[in-house]
Amino acid sequence: MDKTKLRRQLIEARTSLSPEERRANATSIRETLLDQPWVQMAGLVACYWSTGSEPDTHGLVFALWKHGATVILPVHKEDDDLDWAVYDGPDTLARGRSGIMEPIDTRRGVDAIRTAALVIVPALAVDRRTGVRLGRGGGSYDRALARVGPNVPTVALLHEGELLEGIPAEPHDQAVRFAATPSGLTRLM
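None of the values given here were measured: they were computed from a predicted structure.

Draft legend 1. Geometry of the overall build of the protein. Within the protein one finds 5 helices and 12 strands. In summary, the protein has a C-alpha radius of gyration of 15 Å against a globular reference of 16 Å for 189 residues, a match within 12%. For the protein, the spread of C-alpha atoms along the three principal axes comes to 40 × 35 × 35 Å. A buried classification covers 51% of the 189 residues belonging to the protein. Contacts in the protein between residues at least 24 apart in sequence constitute 66% of all its contacts with a sequence separation of at least 6.

Draft legend 2. Up close: the pattern of salt bridges. This structure, assessed with the given rule, holds 15 salt bridges. Across the pair Arg-97 and Asp-80 runs a salt bridge, and its minimum N-O distance is 3.7 Å. With Arg-97 in the loop between β4 (93-95) and β5 (101-103) and Asp-80 in the loop between β2 (70-76) and β3 (82-87), this pair connects stretches of sequence that are 17 residues apart. Classification of Arg-97 as partly exposed rests on a relative accessible area of 44%. Look at the salt bridges and you will find they share partners, linking Asp-81, Asp-111, Arg-114, Arg-143 and Arg-147 into a network.

Draft legend 3. Structural view of the nonpolar core. Leu-33, Val-119, Ile-120 and Leu-157 are the most contacted members of the largest nonpolar core, which has 46 residues in total. The contacts of Ile-120, once residues within four sequence positions are left out, are Leu-33, Val-45, Ala-46, Cys-47, Tyr-48, Leu-60, Leu-64, Val-155 and Leu-157.

The rules behind these values
- Residues numbered from 1 in each chain as written.
- Predicted model: local features only at pLDDT ≥ 70, side-chain atom pairs only at ≥ 80, totals over all residues.
- Heavy atoms only, no water.
- Helix = DSSP H or I, 4+ residues; strand = E, 2+ residues; numbered from the N terminus.
- Rg over C-alpha atoms; globule rule 2.2 N^0.38 Å.
- Buried < 20%, exposed > 50% of the residue type's maximum accessible area, 1.4 Å probe, protein only.
- Contact = heavy atoms within 4.5 Å.
- Salt bridge = Lys/Arg side-chain N within 4 Å of Asp/Glu carboxyl O.
- Core = buried A, V, L, I, M, F, W, Y, C linked by side-chain atoms within 4.5 Å.

What follows is the structure, encoded as structure tokens:
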């Protein structure tokens, strides 16, 4: 199956989830992650502000921030690369160029992700054998993940049924080390 068709199927499945299912999924994923010592100890966390049918990260970002982590969120640049800025509470976000909420703090540059102790990224699916993630096709997160050190935990957030066997991959596709679903955390590599 090609990436375009797979993306379409996954997005359709996500949009069929009820608001209650989405809330329950977000709560389970948040609790699973916050129970991990390596999440609790991460001083600088790169995350994202979810939108649409993605597993919700708003509560996770807020909890990480309230527990003392510095959370950086992406700011989409004109070239589709990701700049980063610090989240300092819900009042420090504004709608960005692509309509997604972004921090209004000073931009830290595309390399700010290099200093993160934990990186949480969106994905439509992840290959359970290789850790390769399927994104929306813009390559923004592949470029960002390429800057992350080899020992930094990288986690993709997924709904149930999105951890798959055999996702089509291209040379630029980056793998993640973990997938978090409502049923738990899976180590991939």
